[in-house]
Amino acid sequence: MTIEKKLLNIQLIAKAKEPLYRQIADGIARAIEQSDIEIGEKLPTHRALADQLQVTVGTVTRAYAEAERRHLIEARIGAGTYVCDNNKNHHWIYQLEELQTEECNFGYNIPPRFDRSEMISNAMAKISANPSQLNDMMLYQPPQGIDNHRHIVCQWLNQKGIDVSSEQMYFTSGAQHAAELLLSIFCRAGDTVLVEQFCYPGFLTLARQHGITLKSVEMDEDGVIPASLVSACELYQPRLIYLTPTLQNPTSVTMPLSRREEVISVCREHNVLIAEDDVNGLLPPSPPPPLINLAPEHVIHIGGLSKCLAPGLRLGYIQVPKQWQQHLSTALYNHSLMISPLLSAIACELIVHGDADRVLTTVRTEIQQRQLLVQQYLGEFDITTQTYSFHVWLQLPEDWRLSDFIAATTARGVIVKSAELFTPRGNHIQPAVRLAISSPLNQQQLIFGLKTIAELLRHPPLSHFSL
Ligand SMILES: Cc1ncc(COP(=O)(O)O)c(C=O)c1O
């Protein structure tokens, strides 16, 4: 065997069993490990590397794709290919350091905090008053959860216009667990999944852990653009698309009915399954119909009670098309055997006695009031949001650099989330931040945060000259 070429630590061995593209990808991995190339460093262009290694451009393209799949490098549109920072742990929703110094925390995607203790203790007291049922709940249950509990939750969701069925819907430990099941059932490492241009960070980390390549589809004010979706389907032949059609996190975009129909039609045509994350779907009183109502045979529906009731309850659900149901049972069984029936019992008590609806009304009223404050203090700036949305997506004016703006808000005790968190790898990071307006403890804190942000937007730093 002869060593033909060397670039940094990349050595190509002629006539080796390992194809050239994999040898190059391995070489990139070694070079990163030995710090021959640094995190954030730009890699040579495909043509330059091909010339140096005397291979075809196609081989390098394949090698870079392989290295990208292994999350070693990332291609940034129009900017080249860079070494990834895999230690960056910025996807966690809650960052510990934020808990200490804040005056106003816009970081948490949670319902407004008000006292739920009485209703939870009443629900638990009712459950405790039935010893035989309590003993039954201490046994193993089928993966999908207790029939009666599923029936109660489904009926409640049906009344709210969501066509799930108690035969097909399975309880999960939150919508996040449902998304994990989704990837376990439908995807394998190396598959490509489409996502919206900005995406819920919990899904980005999940996909990464599963070794799934995400490709994003451009959005406008009505959600993913059908023409871009067609191109992405043709180019990537994805396994599925993950969408949040109602009050998208982070942009608050809600797809109107006509866009939902167009998207379904493109996905049907290209045989791409749709995963609908409807975690915010209960917040607006009359949203457009969820995708599962429009194409039950083509849609995996995910939801939960975190946003409309309480995230700590960890009650979520998933419904897959009938032919996949056995796979769902197996996946849920393998993950956790079942979710604790005590949690679904509490949720059912809250639903049956009207507490769940009362909480939802309180959440909606509080959010409407907070949205009015947003309009009052930030109305003049480039914001996108909706009446019942927990989020405001703020595009920064040209004079602000994203990192400077976040540093400036943090220095004033105001925590915001960078667009970077919501941007699939390889995409351009827009100068924007997400404000979760449901997150500050009360309206006083919210006003402080909004005023601080308005003040900063009005007084950007002096221009950044580089000589
Ligand atoms: C779009 C989206 N999906 C899923 C989740 C996870 O929700 P859960 O608490 O039900 O796991 C979140 C949480 O913020 C979210 O924003």
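Reading guide: rules and limits
Residues numbered from 1 in each chain as written. Predicted model: local features only at pLDDT ≥ 70, side-chain atom pairs only at ≥ 80, totals over all residues. Heavy atoms only, no water. Helix = DSSP H or I, 4+ residues; strand = E, 2+ residues; numbered from the N terminus. Rg over C-alpha atoms; globule rule 2.2 N^0.38 Å. Buried < 20%, exposed > 50% of the residue type's maximum accessible area, 1.4 Å probe, protein only. Contact = heavy atoms within 4.5 Å. Areas by Shrake-Rupley, 256 points an atom, 1.4 Å probe, with all protein chains shown as cover. Lys, Arg positive; Asp, Glu negative; His and termini not counted. Charge placed at Lys NZ, Arg CZ, Asp CG, Glu CD. Domains from an automatic or database assignment. Buried area = accessible area lost by both parts, 1.4 Å probe. Near = heavy atom within 4 Å. Polar contact = N/O pair within 3.5 Å; in protein donor to acceptor, adjacent residues only side chain to side chain. Nonpolar A, V, L, I, M, F, W, Y, C, P; charged D, E, K, R; others polar. Pairing = 2+ DSSP bridges. Axes fitted to C-alpha atoms, helices over the stretch in contact; angles between N-to-C directions. Parallel < 35°, antiparallel > 145°, perpendicular 65-115°, else oblique. Left-handed = near helix turned anticlockwise from the far one by under 90°. Core = buried A, V, L, I, M, F, W, Y, C linked by side-chain atoms within 4.5 Å.

A.B. asks: Quick one: what's the story with the overall build of the protein chain, residue by residue and with numbers?
C.D. replies: Within the protein chain, the secondary structure is distributed over 17 helices and 19 strands. Its C-alpha radius of gyration of 24 Å places the protein chain within 12% of the 23 Å reference for a compact globule of 467 residues. When its C-alpha atoms are laid out on the principal axes, the protein chain stretches across 80 × 55 × 40 Å. A buried classification covers 54% of the 467 residues belonging to the protein chain. Partitioning the contacts of the protein chain with sequence separation of at least 6, the portion at a separation of at least 24 is 72%. Accessible surface computed for the protein chain: about 21300 Å², of which carbon and sulfur atoms make up 52%. Separation of charge centres in the protein chain, based on 38 positive and 48 negative side chains, amounts to 5 Å.

A.B. asks: Residue-level account of the domain arrangement of the protein chain, with values.
C.D. replies: Domain annotation for the protein chain reports domain 1 (3–83), domain 2 (98–114 + 357–458) and domain 3 (117–353). The partner domain 3 presents 29 residues to the 25 residues of domain 2 that form the contact. Surface buried jointly by domain 2 and domain 3 totals about 2400 Å² across both partners, of which 57% is contributed by carbon and sulfur atoms. For domain 2, the biggest contributors to the area lost against domain 3 are Tyr388, Phe422 and Pro424; these three give 21% of the whole.

A.B. asks: So what about the site of the ligand? Which residues, and what values?
C.D. replies: In the vicinity of the ligand, the residues found are Asn109, Gly174, Ala175, Gln176, Tyr200, Tyr242, Asn249, Asp277, Val279, Ser306, Lys307 and Arg314. Within the side chain of aspartate 277, one N or O atom sits 2.5 Å away from a nitrogen atom of the ligand. Serine 306 has a polar side-chain atom sitting 2.6 Å from an oxygen atom of the ligand. The fraction of the free accessible surface of the ligand (400 Å²) that becomes covered by protein chains is 95%. Per-element accounting of the shell around the ligand gives the leading share, 3 residues, to helix α8 (residues 174–186). Considered class by class, the residues forming the shell around the ligand number 4 nonpolar, 5 polar and 3 charged.

A.B. asks: Provide a residue-level description of the pairing of strand β14 (residues 315–319), including the pertinent values.
C.D. replies: Within β14, 5 of the 5 residues are buried, which leaves the element mostly enclosed by the surrounding structure. Taking every second residue as pointing to the same face, both faces of β14 are buried, with Leu315, Tyr317 and Gln319 on one and Gly316 and Ile318 on the other. Relative to β14, strand β6 (residues 169–173) is paired through 5 bridges, and the arrangement is antiparallel. Looking at β14, one finds that tyrosine 170 is bridged to isoleucine 318. When strand β13 (residues 299–304) meets β14, the two strands line up antiparallel, connected through 4 bridges. Looking at the pairing, isoleucine 302 lines up with isoleucine 318 of β14.

A.B. asks: Please set out the packing of helix α7 (residues 147–159) against helix α14 (residues 341–352) residue by residue, giving values where relevant.
C.D. replies: For the pair α7 and α14, interaxial distance at closest approach is 9 Å and the crossing angle is 45 degrees. Put simply, α7 runs oblique to α14. Of the two possible hands of crossing, α7 and α14 adopt the one that is left-handed. Facing α7, whose interface residues are His149, Ile152, Val153 and Trp156, α14 presents Pro341, Ser344, Ala345, Cys348, Ile351 and Val352.

A.B. asks: Which residues make up the nonpolar core, and what values do they have?
C.D. replies: Counting residues in each nonpolar core, the largest one holds 64 residues, and the members touching the most others are Leu157, Leu229, Ile241 and Leu309. The biggest single contributor to this core is α14, with 6 residues. Built from parts of two domains, this core gets at least three residues from each of domain 2 (98–114 + 357–458) and domain 3 (117–353). Core analysis: the next-biggest nonpolar cluster, separate from the first, contains 33 residues, Leu273, Ile302, Val320 and Trp324 among them.

A.B. asks: Can you tell me about the side chain of threonine 251, naming the residues and giving the values?
C.D. replies: Position of threonine 251 among the secondary structure elements: in the loop between β11 (240–243) and α11 (257–269). In terms of polar contacts, threonine 251 uses its side chain to reach the side chain of glutamine 248, at 2.6 Å. The contact partners of threonine 251, leaving out residues within four places of it in the chain, are Phe198, Met219, Thr384 and Trp393.

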